[in-house]
Every structure is written in structure tokens, then in C-alpha cells.
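Summary of the model geometry
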Amino acid sequence: MNLFESKTLGRMAPTAALIIYGLLGFWAFVVVFPIYWLAVTSIKIRLDVINGPLYIPFVDFTPSGHAWHYIFYDLGNDTFRPYWNSIIVACFSTLCVMIIGTAASYALARLSFKPRLSSIIAFILGVIAMLLLVAWLGLDWRLAVASGLALFVILVLALHRAPSPTLGNSDILFWLISQRIMPPVVAAIPIYIMFQRIGLLDTAPGLILAYVTVNMPIVIWLMFDFFVSIPKDLDESAELDGASKYRVFWDIILPLARPGLVATALLVFIFAWNEYLLALFLSTANAQTIPILVAAQNGTRGPEWEYMSVLILIMILPVVVLTLVLQRFIAKGLLLGAVKG
Amino acid sequence: MQRESLSDWLDRHAGRVFLAPAILLVLAFSIFPLIISAWLALSRFQLSANGWDITFVGFNNFKKLLFGSQQFHFVGTFAPVPVLGWLILAAVSALVLWGLWRYLSSGAISILGIIGRLISFSLAILLALMFTFTLGDKAQIGSLATTLFYVVVGVGLQFLIGTGLAWLCAQKIKGRDFFRVVFFVPMMVTPVGVAYMFRMLADMRQGPISPIWRGLGFGDFAWSTNAWSAKTMVIIGDTWQWVPFIFIVMLAAFESQPRDEIEAAELDGASPWQIFRDITWPSVAPVAATIVLIRVIEAFKIIDLPNVLTNGGPGIATESLTLHSFIDWRTLNLGGSAAVAYMLLFVSTVTCVSFFNFVVMPMRARRT
């Protein structure tokens, strides 16, 4: 009876504690065991993999480094090239999306925008005109873009004085964040065609551009919450002292938002590193990233689990290490926005 | 009038300079492709002697998916309805009727509200009907139903496990930081890696749990040859990966709940369940709703797990909509691929917007 009720407030009864630790320990096992199994399999020889489950190195089987040797020396460049691509694409896309995304969310958090509905409609009309010119009249796309742009400018100038309802910051913010709802597969084929035309297909810059676009909503959403939570008088007093908007952003706001920046950058880096669908569409040989390499082993290396384990381990290693190092930022930074709701 | 210097001009237009790159990127790589995709979805793409041809075919691609030759792939094959099917239909209808009744009796009725509810509720009924008629023994559910299965069951499981673990971790226990770090790990593992890992673990002859499996008498059962066990494997992999996301956010939410209220309730002799229901849950519900919404948005896009874990098979049993669209693209059926992608866009947008309006907003409103 007393087992479930503690004698003093703030301390747990032994049975309750046992149940809690049991459940938490069980889930810790569920989390760790698959990774342990990867590590163990990577030091087995083929025979030990095939001859049924062997669990503990040195006891059940003699460890061997041959799979590691094979992936690093015999395959060599076939492993390192996608790896290098992944590093380049993930790092640069994170850098770009952080710059573009934080700038945009800072602007939305601090400055006021009043886009006129008439200008937006003019823009849509310009785009429609451009598409019609290409699709029905078969005009060269450069000419079509130019005429669409011309129509847009003329309409904006013509409607300049006319009264029109305006949108606000929250509308722009919502529009930018809602882009995340769009499944990337909808845009993948047109981006493929577009990149083919301008020679960005199967190149790192092409992948970087695509990743920056799909990850931007996350950056804007998380950083907006951060910037809003920074008191406004800080930048107002700096502006009274004659600092430009850029200086305020760079010297005052960014240093204050550092925990948020680190957490957001980490999250975006993980997404870029793990990205599969767009890389599948937009890269074949040159710009192949590591998840594509690993996934492509499906046919050739299906049951060769010791090689697969090495590949998967080196694929997840950088992200896991990075996250464990930056763990405390995530707890503090990332969740502020989410918890506020 | 004096000409202003470049730096003055730049400072005056700082807002536009900050915002323009983001807007241009979204216009170029997401809105523009969206328009092109719509055009592709309405046309047929063919390779021909001089490269390729695109002909406008209207809504043919969508007709094919919903009623024509691709119906088995997208919607599923029909068969007599099992009891479970009727139960799902009844549950969804009851939910829709309840939502309608609450709205009509609330007194705050607007045209926009009615239109929005008509769209969401009729989609809900249609999807429930689709499930009902494709669930039978001889029937098979298509890629749309499979995706919904991943979203509803997967996110549901992740939410229950993640919240449960977070609640346990938020008790007065030692070693919370240890669990926090360990539980977070799966989120970083590349989904492609998760897929291979679970293929290895679920190997019935060489995998680590195969002795237990054999001991239970399932020795020669191959999960990858049965439609529902293959789907379950995808769900297990996805759950393993995304429980940490729910866990870490819900833990932060539990930690920031009103301490003094809980202590006062404890002194008054309230049971743990009462405390959870009356204090803890209301304070974390808005966060919970937001986090589920984020997961639902991402869950609709699933492709890596089914593609690598099961290759979409057996047959089309584990194919998600994104994978369906990708396979169509690989066979150069560009129109069909774009049509599938557009259906996914439509279903996921309606679902997410409905969830935001009918669940997230009321929960946020209730707190304040």
C-alpha cells in the first residue's frame, strides 16, 4: 500500500521510481541497441554476419577491421567524393539559409511592410502573361520574362496612386512559413527541368539553392520568435546614436540571438545532411550526396551488412557528434519558440 | 533637391534589402515550379523523334488516378467492407457531425467559416469512404491511403510515446540529463540509415531478435512479403526516428508548467491523475498541438523509409504518395507524376490547415 505513496513531499516512492526507471531504461535500450548493432556488425567478417546473430565482440566472435579497410582504402574515392559533396552542400546551404533567413525574419520582426494588394495582383498578372506567351505563342522564354516584367512595371506605375488595401508583416510571415507545407516533390520536376536548362543539374550549387529554399521557412519561423523576444529599445537607442539598420542587425541583434542562431543552424544542417528526395532528383554522379550513395547500395550490397554498417556509421557520425557537442543550445535555444506556442 | 548618397539610400530601403532575397528565392524555386507543375499535371509528356512533346490533356491525369487505369495505385482496389472499415467510417462521420453541430450552435458563423468547414469535412468523409471500401481482405489500399496511414498511425504513436517519456522524465528523478541526451540521438540518424538499420534488425534469419522470434514460433515468417507487416516496419522505423522530436519539446513544456499550482494541489491531496488532467495538460496542450502539426506536415512527405526499407513493396503496399510520384517520374510519366504530387499537395494542405484551425487555434485560445 505504502509502496506507491511517498512519505515526504518531493520524493518518490520506491515502486514508482522503479517503474519509471524501468520504462526509461527500456526506451534507452531501444534507442541504443540498433546503433550498437551497427557498430558490432561493422567489425564482423562476412561469415559471422551470415552465421546468425552474434552479439558481443571477443566473446561471440573475433572482431576484424576488414570492412573499414575496404570502405576507406579499396573503395577510397567512391566513398570520399559523395562525403565531400555532402559536407560542401550541407555547410554552404546552412550558411546561406542562415544569412537570408535571419535577415528576412529580422526585417519582419522590426520593420513594417505594407505591400499593396494591387502590386501583388500586378505581379501575378505579369507572371500569367509570361506563361501564356511561352505556352501558346511559343515565344523564347527570355523575351517572355522581359515582357512579363514590363507589364508588371507598367501596371504598378499605373496603379500607384489608386487606393488599394495593403497587407502587413504577419501576412508575409505566414506566406513564407507556409511554404514548408508544400511537399518538395511538387517542385522537384520543374526544378529539375529548370536546372537542366541553366546547367545547374547535378552540381553542388544547384543542390545548395534547392536546400536553401526548402529550409528557409524553418529559419524564418524560429528566428522570428527570437527577434521578437529581444527588447526593442536596444536597437532604438542604437539607431538614435546614428547606427545604420545593418549595423544594428550585425552588432546588436545577432550577438543577442546567438543561442537561437546555433540551434537553428544545427537543425537546418541536420536537415540538409539527411535530405534525400531533392538529392535523388537533382544529382546523379557528380553531386551525389552520402544518403544517395548509401541508398544506392540497395541492389548491389543488399546483404553485405558489414560494409553497409561502416557506411551508415560514417554517414551519421558528423551529425551525431556535432549535436552532442551543441546539445545544451538545443535545449535552450530551439525550444523557446516552440514552447511559447 | 540634394542627391542622397548610396549608403543613405541603402539605409532607407534596409527592410527591402533584408527581405528581398528570401522572397525572390521562394518565388523562383517554389512558386514558379508550383505553376509549372500545375501545367505539367494537365498535360501529357512524350518522347518523340525531335526530343519531346507536351500536349495539353485537361484533367485526364487526375481522372486516371481517381477513376481510371491508375485507380488501383492511387485509391486502391475495392472489395466488401470489413467491420473495421465501417467503424472508421462511423467514427469519422460522428466527428464531422459533432464539429458541424458545435459550429452551428456556437453562434459565430461566417461565410468563410462555412466554406472552410465544407471543404475539410467533405474531404474527411471522402477519405474515410476510400478507407472503408479498400480495407477488405481481397482489397488493397492505394498510395493515398498508405500515406494517410503513415501520418495518422505514425504521428499518433510518436506523440503517445514521446509525451509519455517526457512526462516520466519530468518527474523528480536523477539522471534526467542522461536520458535527455540518449533519447535525442535517433533524430540525427539519417532516415536512409534508419531504413537499413531496421532491415538488419528485422532480418528473420541473421538479425539480433531472430532467436526470440523463432522461440515464439514465427521462424519462417518474412515481414517483407506481407502488405501490413511491411507497412508496420515503416511505421516502427519512423517512430524510432521521430519520438525524440516530440520528447524534447514536450519535456521542455512539462518543465515550464506552473510549479506552485502543482505543489498547492499536492498539499490539498489531489491525485497524480487529477493534477495531470487539471493543471499539467491544459498548460502543455497548445505546445502539444503545435508539435503534432509540425510532425503532420513533415510526415506527409515521407519517402526515404519506404523506398529503402521495402522498395515500396510488396507490390505497391508501402508506397507513399511522394514515392508514387517519384516512380512515375522515373518512368517518364511526367504528367502522372505531377498529378500525384498535386493531389498530395491538396490533401496535405487541407489537412494541415484544418488541423491548425480546428485543433491548434482553439487550444491556444483556451489558454489565454
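A quick note: this is a predicted structure, and the numbers were derived from the prediction, not measured.

Quick word on the overall build of chain B
Scanning chain B from N- to C-terminus turns up 16 helices and four strands. Across its three principal directions, the C-alpha atoms of chain B cover 90 × 80 × 50 Å. Long-range pairs, those at least 24 residues apart, make up 73% of the contacts in chain B with a sequence separation of at least 6.

Overview of the overall build of chain A
In terms of helices and strands, chain A carries 15 helices and zero strands. For a compact globule of 341 residues, the expected C-alpha radius of gyration is about 20 Å, and chain A comes in at 27 Å, more than 25% above that figure. Here the C-alpha coordinates of chain A stretch approximately 85 × 65 × 40 Å along the principal axes. Looking at chain A as a whole, 37% of its 341 residues qualify as buried. Within chain A, contacts between residues separated by at least 24 positions form 75% of all contacts whose residues are at least 6 apart in sequence.

Quick word on the packing of helix α4 (residues 77–110) of chain A against helix α9 (residues 204–229) of chain A
Residue and element names in this part refer to chain A. Where α4 meets α9, the closest approach of the two axes is 6 Å, and the angle between their N-to-C directions is 40°. Viewed along their axes, α4 and α9 adopt a mutual orientation that is oblique. You can see that α4 and α9 cross each other, and the crossing is right-handed. Grouping the amino acids of the contact of α4 with α9 by side-chain chemistry returns 23 nonpolar, six polar and one charged.

A few points about the interface of chain A and chain B
Taken together, the contacts link 73 residues of chain A with 75 residues of chain B. The element that contributes the greatest number of residues to the side of chain A that touches chain B is helix α15 (residues 305–340) of chain A, accounting for 13 residues. Taken together, the residues of the side of chain A that touches chain B sort by class into 59 nonpolar, twelve polar and two charged.

Digging into the pairing of strand β2 (residues 51–56) of chain B
A regular strand places its side chains on the two faces of the sheet in alternate fashion. Residues and elements named next belong to chain B. β2 sits mainly on the outside: zero of its six residues count as buried. Judged from the six bridges that link them, strand β1 (residues 43–48) and β2 form a sheet pairing that is antiparallel. Bridged to arginine 44 within β2 is threonine 55. In textbook terms, the turn of a hairpin is the stretch between consecutive antiparallel strands, and for β1 and β2 this stretch comprises two residues.

As for the packing of helix α9 (residues 191–201) of chain B against helix α11 (residues 227–255) of chain B
Residue and element names in this part refer to chain B. Direction vectors running N to C along α9 and α11 enclose 130°, while the axes themselves pass 10 Å from each other. With respect to α11, the axis of α9 lies oblique. For the crossing formed where α9 meets α11, the hand is right-handed. Note on element contacts: α11 touches α9 through Met233, Ile236, Gly237, Trp240 and Gln241, opposite Pro191, Val194, Ala195 and Phe198. Tallied by class, residues from the contact of α9 with α11 come to seven nonpolar, two polar and no charged.

Comments concerning the confidence of the model for chain A
Interpretation of this model should avoid reading the predicted coordinates in detail wherever pLDDT is low. All names here are of chain A. In this model, chain A carries a mean pLDDT of 84, and residues with pLDDT of at least 70 account for 91%. When mean pLDDT is taken per element in chain A, α4 scores highest with 93 and α15 scores lowest with 77. Low confidence marks residues 1–9, where pLDDT is under 50. Its contacts with residues over four positions away, or in another chain, come to eleven contacts.

Comments concerning the environment of alanine 170 of chain B
Mapped onto the secondary structure, alanine 170 of chain B falls in the loop between α7 (143–169) and α8 (176–184). Under the C-beta neighbour-count criterion, alanine 170 of chain B is labelled partly exposed, with 19 such atoms within 10 Å.

Some thoughts on helix α5 (residues 83–106) of chain B
Given a rise of 1.5 Å per residue, 24 residues ought to cover 34 Å, and the 34 Å separating the end C-alpha atoms of α5 of chain B matches this to within 8%. With one of 24 residues buried, α5 of chain B is to be regarded as a mostly surface element.

Things to note about the environment of arginine 102 of chain B
All names here are of chain B. Structurally, the position occupied by arginine 102 is in helix α5. Assessed through the 11 C-beta atoms surrounding it within 10 Å, arginine 102 is described here as exposed. Once the C-alpha coordinates of arginine 102 and valine 359 are considered, the two residues, 257 residues apart in sequence, prove to be 13 Å apart.

A short note on the confidence of the model for chain B
Residue and element names in this part refer to chain B. Looking at chain B as a whole, its pLDDT mean stands at 87, while 98% of the residues score no less than 70. The lowest-confidence element of chain B is β2, averaging 77 in pLDDT; the highest-confidence one is α7, averaging 94. On the interface metric, ipTM, the complex scores 0.88, and its pTM is 0.89.

Things to note about the domain arrangement of chain B
All names here are of chain B. Domain boundaries assigned for chain B yield domain 1 (79–138) and domain 2 (141–367). Here domain 1 and domain 2 have C-alpha centroids that lie 23 Å from each other. Each side of the interface is counted separately: domain 1 has ten residues, and domain 2 has eight residues. For the side of domain 1 that touches domain 2, the per-class residue count stands at six nonpolar, four polar and no charged.

Calculation criteria
- Residues numbered from 1 in each chain as written.
- Chains lettered and ligands numbered in written order.
- Predicted model: local features only at pLDDT ≥ 70, side-chain atom pairs only at ≥ 80, totals over all residues.
- Helix = DSSP H or I, 4+ residues; strand = E, 2+ residues; numbered from the N terminus.
- Contact = placed C-beta atoms within 7 Å.
- Rg over C-alpha atoms; globule rule 2.2 N^0.38 Å.
- Buried ≥ 20, exposed ≤ 12 C-beta atoms within 10 Å, placed from the backbone.
- Axes fitted to C-alpha atoms, helices over the stretch in contact; angles between N-to-C directions.
- Parallel < 35°, antiparallel > 145°, perpendicular 65-115°, else oblique.
- Left-handed = near helix turned anticlockwise from the far one by under 90°.
- Nonpolar A, V, L, I, M, F, W, Y, C, P; charged D, E, K, R; others polar.
- Pairing = 2+ DSSP bridges.
- pLDDT = per-residue confidence, 0-100.
- Expected span 1.5 Å × (residues − 1).
- Domains from an automatic or database assignment.

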